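# Chain and residue survey
Below, each chain spelled out in residue letters.
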Amino acid sequence: MNRSIFAAGAVLALAAAATPRAAHAQSTGLVPVRVKIGALLPTQSAAKSLSGSIVPAGEVDVRIPSFLGGSFATIGYQERGRNGGNLRTVPLTISRTFSPPNPAGAVTGNVYFGLGAGAYLLNGRNGAGDSQSRVTVGGFAQVGYQTTSKIFVEAKYQITAQKAAGLSPNGVLLFVGTSF
């Protein structure tokens, strides 16, 4: 009996040591909110020509309580139109970020990375005047740098399963943000 209790304790201790630590960007203070502004750089040539090569973007992250994994629920908004076209994307995602251990993080800041997935509400209008709205699944991979203050920078690559009116919101998102 004592051996099984000892073995269970050892397994729990190893699991705790092996579990990646939450990124410093997840430590948001009393109000668990992060706000980001930036731009989407679409990779599809049709999206670039009809909505622009730089699409303004913003996101609000709300931290999910740590007993559910310490993740973020995010709502975003990306929209721009030109040349008779328009692309609007509203991602509703859940993400999980991790950070490598950094004993000097309070002095140097810290790098974090993560993955996320969710529903993407798309609205597109192409140059021929065809308009389409749809909800599709999508996801992203991200990397960021949390400074020693509440300011951070983040890069994401988002990809969706479908397009709207032939336009795809797939591409790189670059953000600067702050936590509250």
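Each chain has its residues counted from 1, running along the sequence as written. Where totals are concerned, whole chains, interfaces and linings use all residues; where local detail is concerned, this predicted model gives features only for residues with pLDDT of at least 70, and gives and counts side-chain atom pairs only at 80 or more. With hydrogens and water excluded, all non-hydrogen atoms of the structure serve as input to the side-chain values.

### Brief notes about the pattern of salt bridges
Within this document, salt bridges are pairs made up of a side-chain nitrogen of Lys or Arg and a carboxyl oxygen of Asp or Glu, the two lying within 4 Å of each other. Taken as a whole, this structure holds seven salt bridges when the rule is applied. Residue R34 is joined to E154 by a salt bridge in which the shortest nitrogen-to-oxygen separation is 3.2 Å. Remark: E154 occurs in strand β7 (residues 151-160) and R34 occurs in strand β1 (residues 33-42); sequence separation between them is 120 residues. For the exposure calls, accessible area comes from a 1.4 Å probe over protein chains only, and a residue counts as buried if that area is under 20% of its type's maximum, exposed if over 50%, partly exposed in between. You can call E154 buried: its relative accessible area is 3%. Among the salt bridges present, the one from R88 reaches E79, with a minimum N-O distance of 3.4 Å. On the basis of relative accessible area, E79 is assigned to the partly exposed category, the value being 24%. Secondary structure elements follow DSSP: runs of H or I of four or more residues count as helices, runs of E of two or more count as strands, with numbering from the N terminus.

### Some points on the sheet that holds strand β6 (residues 131-146)
Strand pairing in a sheet relies on backbone hydrogen bonds. The paired strands run either parallel or antiparallel. Pairing between strands is defined by DSSP: at least two bridges between them are needed. In spatial order, the strands read β1-β2-β3-β4-β5-β6-β7-β8; together these eight strands close into a barrel with antiparallel pairing. Averaged over all neighbouring strand pairs, the angle between strand axes comes to 25°, with direction disregarded. Relative to β7, β6 is paired through nine bridges, and the arrangement is antiparallel. Bridging from a neighbouring strand, G138 pairs with T160 of β7. Throughout, an axis means a line fitted to C-alpha atoms (over the contacting stretch in the case of helices), and angles, computed between N-to-C directions, take values from 0 to 180 degrees.

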